[in-house]
Amino acid sequence: MSTPTLLLLPGDGIGSEVTPATRKVIDWFQSTGRATFNITEGLIGGASYDVHGIPLTDETVAQAKKADAVLLACIGGPKWDTVSYDKRPEAGLLRIRKELGLFANLRPAHVFDALAAASALKLELVKGLDIMIVRELIGGVYFGEPRGIETLPNGERRGFNTQSYTTSEIVRIGRVAFELARKRKGRVCSVEKANVMESGVLWREEMTKLHAAEYKDVELTHMYADNCAMQLVRAPGRFDVIVTDNLFGDLLSDLASMLTGSLGMLPSASLGAADSSGRQAALYEPIHGSAPDIAGKGIANPLAMILSFAMMLRYSFNMAANADLLEKAVHSVLASGIRTADIAEQGQPTVGTTAMGDAVVKELDRLAKS
Ligand code: IPM
Ligand code: MG
């Protein structure tokens, strides 16, 4: 097999800080001969807008399509608040998801034992928590047509978007959820608002059909999205895999992330369909945003991006042993009490972005020798 190519997109805000910290981890895997990549870098978001006047160029799209996997830090910031909607950093992110066909967004909400006390919920509710949110990423109201803002004959303005899902869109995301559940605790909870939305009625019917036809060994339950938000806070331990649409997935994954104590810890994977050769477009990114409030201060937590790289090793390159090793290194670093500010308890000393990345590399070294 030829050397896999990896496209790094540092993006905006703290992206230029957490990316070098992650790069050191990638380089550790390379220098120890555990993995080799051809790495290129590109621009996305505000960083691209500042240079090219658009948040994602055709060249970067081509680079991403050619790469075996993309590792993105984060995009956006107040600097581009006044830029027109279609040129905002967010538009670049939506376009790369769409162009690469990344319909399946995997967002694990996993509580690290060492951080359980940092959760917004009581320790006994979140200890050992391990939920996988499978969010549909290139359909629904984010992309539905018609959309726009129009002026009505009476002079009033009307903003509108379209929520829409087809059978095939529902079935392909359903399959991802059921397959994942088979490798986990065997439970899928499908989430929509079938009580008020036709797209939700169809979602529920198609999930039920798919389950009956192919996945009877997995447990399937259904839940309305509002109830799911409530249950995630009340009894999060009941969930294994949650499968839901683009918008509900956006909301519920932010909610679930806070169960874990910090957005700064959570990675995600966005995957496309495998082609006939088994090749699958994939983009990995932390769940956190560009954190403009702390950008440039060197204090951002790089662990979500480092863990996104671990997901890449696991899902794109089938390197489970390397992924396990890296996740273990992160666990040990946390267990040893090393903290960036976002995950520190009151009074606990903190380290910056670079030091946290270096601590992971040092721990990798130690684990590799033991
Ligand atoms: C996310 C983000 C994006 C989304 C924004 C930045 C467009 O919130 O990845 O969850 O809404 O999908
Ligand atoms: Mg979001």
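Residues numbered from 1 in each chain as written. Chains lettered and ligands numbered in written order. Predicted model: local features only at pLDDT ≥ 70, side-chain atom pairs only at ≥ 80, totals over all residues. Heavy atoms only, no water.

### Looking at the sheet that holds strand E2 (residues 38-41)
Strand order in the open sheet made by the 10 strands is E2-E1-E3-E12-E11-E4-E5-E10-E8-E9, with mixed pairing throughout. Here the strands that pair on one side only, and so sit at the sheet edges, are E2 and strand E9 (219-224). Each strand of the sheet is rotated relative to its neighbour by a mean of 20°, with strand direction disregarded. Here strand E3 (residues 69-74) runs beside strand E12 (residues 280-286); their pairing, made up of 2 bridges, is parallel. Bridge pairing in E12 places Val 70 opposite Leu 283. Strands strand E1 (5-11), E2 and E3 of the sheet are contacted by helix H1 (residues 15-31), whose axis makes an angle of about 145° with E3. (Pairing = 2+ DSSP bridges. Helix = DSSP H or I, 4+ residues; strand = E, 2+ residues; numbered from the N terminus. Axes fitted to C-alpha atoms, helices over the stretch in contact; angles between N-to-C directions. Contact = heavy atoms within 4.5 Å.)

### Some details on the packing of helix H6 (residues 167-183) against helix H7 (residues 198-214)
Between H6 and H7, the least distance of the axes is 9 Å, while the angle of their chain directions is 50°. The angle between the axes of H6 and H7 places the two elements in the oblique class. Seen along the crossing, H6 lies across H7 with a hand that is right-handed. In this structure, H6 contributes Thr 167, Ile 170, Val 171, Ile 173, Gly 174, Arg 175, Phe 178 and Arg 182 to the contact, and H7 contributes Leu 202, Trp 203, Glu 206, Met 207, Leu 210, His 211 and Glu 214. (Parallel < 35°, antiparallel > 145°, perpendicular 65-115°, else oblique. Left-handed = near helix turned anticlockwise from the far one by under 90°.)

### Notes on the site of ligand 1
Within the structure, ligand 1 sits among Glu 90, Leu 93, Arg 97, Arg 107, Arg 135, Tyr 142 and Asp 250. Separating an oxygen atom of ligand 1 from a side-chain N or O atom of Arg 97 is a distance of 2.7 Å. For ligand 1, an oxygen atom lies 2.8 Å from a polar atom in the side chain of Arg 135. Expressed as a share of its isolated accessible area of 320 Å², the protein-covered part of ligand 1 is 75%. Split by residue class, the shell around ligand 1 holds 2 nonpolar, no polar and 5 charged. When residues are assigned to domains, the shell around ligand 1 turns out to be shared by domain 1 (1-119 + 262-370) and domain 2 (123-260), each giving three or more. (Near = heavy atom within 4 Å. Polar contact = N/O pair within 3.5 Å; in protein donor to acceptor, adjacent residues only side chain to side chain. Areas by Shrake-Rupley, 256 points an atom, 1.4 Å probe, with all protein chains shown as cover. Nonpolar A, V, L, I, M, F, W, Y, C, P; charged D, E, K, R; others polar. Domains from an automatic or database assignment.)

### Comments concerning the nonpolar core
Counting residues in each nonpolar core, the largest one holds 73 residues, and the members touching the most others are Phe 29, Leu 106, Val 134, Phe 309, Leu 326 and Val 360. Top contributing element to this core by residue count: helix H10 (residues 303-315), with 9 residues. Split by domain, the residues of this core number at least three in each of domain 1 (1-119 + 262-370) and domain 2 (123-260). Here Val 360 is in contact with Val 25, Leu 303, Ile 306, Leu 326, Ala 329, Val 330 and Val 333, once residues within four sequence places are set aside. In this structure, Ile 133, Val 191, Cys 228 and Ala 256 belong to the second largest nonpolar core, which totals 20 residues. (Core = buried A, V, L, I, M, F, W, Y, C linked by side-chain atoms within 4.5 Å. Buried < 20%, exposed > 50% of the residue type's maximum accessible area, 1.4 Å probe, protein only.)

### Notes on the domain arrangement of the chain
You can read the domains of the chain as domain 1 (1-119 + 262-370) and domain 2 (123-260). A C-alpha centroid distance of 24 Å is found between domain 1 and domain 2. Between domain 1 and domain 2, the residue contacts involve 26 residues of the former and 29 residues of the latter. Interface area, domain 1 with domain 2, both sides summed: about 2,500 Å², of which 62% is carbon and sulfur. Run the count over domain 1 and domain 2 and you get 0 salt bridges. Summed over the shared surface of domain 1 and domain 2, the number is 8 residue pairs in polar contact (both at pLDDT 80 or more). Residue composition of the side of domain 1 that touches domain 2, by class: 16 nonpolar, 6 polar and 4 charged. (Buried area = accessible area lost by both parts, 1.4 Å probe. Salt bridge = Lys/Arg side-chain N within 4 Å of Asp/Glu carboxyl O.)

### Quick word on helix H12 (residues 353-369)
Taking 1.5 Å of rise per residue, 17 residues should cover 24 Å, and H12 covers 25 Å from first to last C-alpha, within 8% of that figure. For H12, the complete set of buried residues consists of Thr 353, Met 356, Gly 357, Ala 359, Val 360, Val 361, Glu 363, Leu 364 and Leu 367. For H12, the secondary structure elements touched by its buried residues are H1, H10 and helix H11 (320-335). (Expected span 1.5 Å × (residues − 1).)

### Details of the pairing of strand E11 (residues 267-274)
Counting buried residues along E11, 6 of its 8 residues qualify, which places the element largely inside the surrounding structure. Here E11 pairs with E12 via 6 bridges, running antiparallel. Of the residues in E12, the one forming a bridge with Ala 274 is Gln 280. Taken together, E11 and the strand that follows it, E12, pair antiparallel across an intervening segment of 5 residues, in which Gly 278 is found at a positive phi of about 90°.

### Considerations on the packing of aromatic side chains
Going through the model one piece at a time under the given rule, you end up with 6 aromatic pairs. Both rings, one in Phe 37 and one in Phe 317, keep their centres 5.2 Å apart while their planes meet at 50°; by these two values the pair is tilted. Residue Phe 37 is found in the loop between H1 and E2, and its partner Phe 317 is found in the loop between H10 and H11; the two are separated by 280 residues along the sequence. Centre to centre, the rings of Phe 178 and Tyr 215 are 4.8 Å apart; their planes meet at 15°, and the pair counts as stacked. Here Phe 178 is found in helix H6, whereas its partner Tyr 215 is found in the loop between H7 and E9, with 37 residues between them in sequence. An identical accessibility class is assigned to Phe 178 and Tyr 215; each is buried. One aromatic cluster in this structure is built from Trp 28, Phe 29, Phe 37, Phe 309 and Phe 317. Above the ring of Phe 143, the side-chain terminus of Lys 98 is found at 4.5 Å from the ring centroid. (Phe/Tyr/Trp six-rings, centres within 6.5 Å; stacked < 30°, edge-to-face > 60°. Lys NZ or Arg CZ within 6 Å of the ring centre and 35° of its normal.)

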